[in-house]
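Observations on the three-dimensional arrangement
Next come the chains, spelled out residue by residue.
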Amino acid sequence: MQAPVRHAHIDVLRGVAVFGILVVNIWSFAWGFGSLRYGVLPDAATLADRATVFGIAFLAEQKFYPIFAFLFGASFALQTASFRSRLPDWSSVRGRYRRRLAALLLLGIMHGTLVWAGDILTIYGSVGFLIVGLAGARRSSVGIHLWNWSVVWLVLIACNAAMALTAYADSDPYTLGARLAGEARSAHVAYAYGSLGQHFIQRLIDYLAVSMNSLFMVPHVLVLFLLGIFAVRAGWLTEPLRHADLWRRVRASGYAVGIPFNLLWAWVVLTETANPFNADAFGLTVYSLLPLGGSFLAAAYVASIMLAAAGRPAWPQRWLAPVGRMALTSYLTQSVIGVVLLQGIGLGWARHVAAAPALLLPVLALIMLCQVLFSRWWLSGHAQGPVESMMSRYVGRGPS
């Protein structure tokens, strides 16, 4: 049977998302998962240090996990269609995909408890079970679910923003700032200097906290999954040139809303990182709106890549598409590399980047270059990445 056609521009988009997630996640290897995710800037922080924090908060934070979730929904639509060409009915397809989700969930739990606490596969594997019933469903049915969950998500954002306005009303600024800074420094000591046992305990505490907080992400993740499914069914992703006008509108509105909001967010992050005693209800309110504001800029990024597909540039397909083709392998190996390079049970570079955050930029460049070269080398002799291949064998399907 002929393998399904790959869409190179979707692989490029997935590769961009993988690297964008790395840019944000790498901070947690040094500072954990407290409110001050970028840690505390030292008094001697340079302009480059401050620009690094500001630039990543502005351009990357909560911009690439929406793209990753959107592409998860798109992959669901593409994979279940591929399954259907091999299986007798949609019931069999749903059973096959549930097996895939179970494997993904198990992989996420192992990843979160044994390697890196900020695992996203746990929530993807869990929430994925809520969309399995849409395999083979009409596009109109997907649209109804998308509309309903969008309403739930927007109501949740409004409630979070309302609560954030009064969250620190009874808090003493000094006590609050000392607590936030203390949490960040405690996690940093455990990850950068702690023993293997201390490292494991801190990771387990963080994984449980991240997993509990992920419950509040469920409506947003579902909206993104459903939007990805709808985008494939409508041809927006698979035939971007036919929908160029749509993507131009998405790009314009995404940048128009996303740039000013995320500039504001970056200023909040820089202010609080430079002085945790500046944490207040205003910053928390902006943070509560970040899933919405970040998604606008994420949409603009997606639209820009879809429109760039018209020119069919060769270099993104050579350098980014291989990373996207083995995105699961790339995502997991980023965690292993982060532990080895940054944490105390490895080389302990987190001790240096805590004092000079700009040093993370060459570390990021090194990891990205290694992953590009490894992906190109591996795919020159294999149809899938190593983790994708193991997943396929477990689920019971051949390479795609």
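Residues numbered from 1 in each chain as written. Predicted model: local features only at pLDDT ≥ 70, side-chain atom pairs only at ≥ 80, totals over all residues. Heavy atoms only, no water.

**Considering the confidence of the model for the protein chain**
- Summing up the model confidence of the protein chain, the mean pLDDT is 91 and the portion of residues at 70 or higher is 96%.
- For the protein chain, the element scoring lowest by mean pLDDT is helix 13 (residues 314-319), at 78; helix 10 (residues 218-233) scores highest, at 97. (pLDDT = per-residue confidence, 0-100. Helix = DSSP H or I, 4+ residues; strand = E, 2+ residues; numbered from the N terminus.)

**Quick notes on the nonpolar core**
- Leu13, Ile26, Ile67, Tyr124, Phe225, Leu237 and Leu342 are the most contacted members of the largest nonpolar core, which has 115 residues in total.
- The leading source of residues in this core is helix 4 (residues 64-84), at twelve residues.
- Leaving out residues up to four positions away in the same chain, Leu342 has contacts with Ile26, Phe29, Gly348, Trp349, Ala350, Val353 and Leu360. (Core = buried A, V, L, I, M, F, W, Y, C linked by side-chain atoms within 4.5 Å. Buried < 20%, exposed > 50% of the residue type's maximum accessible area, 1.4 Å probe, protein only. Contact = heavy atoms within 4.5 Å.)

**Here we look at the environment of Ile229**
- Topologically, Ile229 is positioned in helix 10.
- Residues Ile229 and Ser75, 154 residues apart in the sequence, show an inter-C-alpha distance of 7.8 Å.
- Sequence-distant contacts of Ile229, defined by excluding residues within four places in its chain, comprise Gly73, Ala74, Phe76, Ala77, Ile131 and Val142.

**As for the environment of Ser375**
- Along the chain, Ser375 falls in helix 17 (residues 360-379).
- Taking C-alpha positions, Ser375 is 24 Å from Ser304, a pair spaced 71 residues apart along the chain.
- Excluding residues that lie within four positions of it along the chain, Ser375 makes contacts with Pro322, Val323, Met326 and Ser330.
- A polar side-chain atom of Ser375 sits 2.7 Å from the main-chain carbonyl oxygen of Gln371. (Polar contact = N/O pair within 3.5 Å; in protein donor to acceptor, adjacent residues only side chain to side chain.)

**Focus: helix 18 (residues 386-395)**
- Those residues of helix 18 lying buried are Val387, Glu388, Met391, Ser392 and Val395. For helix 18, the arc enclosing every buried residue in end-on projection is 135 degrees, short of the 170-degree limit, so these residues lie on one face.
- Next to the buried residues of helix 18 lie helix 5 (90-114), helix 14 (321-325) and helix 15 (327-342).
- Positive phi appears at Gly396, one or two residues downstream of helix 18, with a value of about 100 degrees. (Arc of directions from axis to C-beta.)

**A word on helix 1 (residues 8-25)**
- Taking 1.5 Å as the rise per residue, helix 1 with 18 residues should run 26 Å; its terminal C-alpha atoms sit 26 Å apart, in good agreement.
- In terms of burial, helix 1 is largely enclosed, as 16 of its 18 residues are buried. (Expected span 1.5 Å × (residues − 1).)

**Brief notes about the pattern of salt bridges**
- If you walk through the whole model with that rule in mind, you get five salt bridges.
- Taking the shortest distance from any N to any O, the salt bridge between Arg14 and Asp11 comes out at 3.2 Å. Here the residue Arg14 and the residue Asp11 both occupy positions in helix 1, the gap between them amounting to three residues, near one helical turn. The burial state of Arg14 is the same as that of Asp11; both residues are buried. (Salt bridge = Lys/Arg side-chain N within 4 Å of Asp/Glu carboxyl O.)

**Some details on the packing of helix 15 against helix 17**
- Direction vectors running N to C along helix 15 and helix 17 enclose 135 degrees, while the axes themselves pass 11 Å from each other. Regarding the angle of helix 15 to helix 17, the classification is oblique. Here helix 15 and helix 17 pass one another in a crossing that is right-handed. Taking contact as the criterion, the partners of Ser330, Thr333, Gln334, Ile337, Leu341 and Leu342 in helix 15 are, on helix 17, Leu360, Val363, Ile367, Gln371 and Ser375.
- Here the contact of helix 15 with helix 17 is composed, by residue class, of six nonpolar, five polar and no charged. (Axes fitted to C-alpha atoms, helices over the stretch in contact; angles between N-to-C directions. Parallel < 35°, antiparallel > 145°, perpendicular 65-115°, else oblique. Left-handed = near helix turned anticlockwise from the far one by under 90°. Nonpolar A, V, L, I, M, F, W, Y, C, P; charged D, E, K, R; others polar.)

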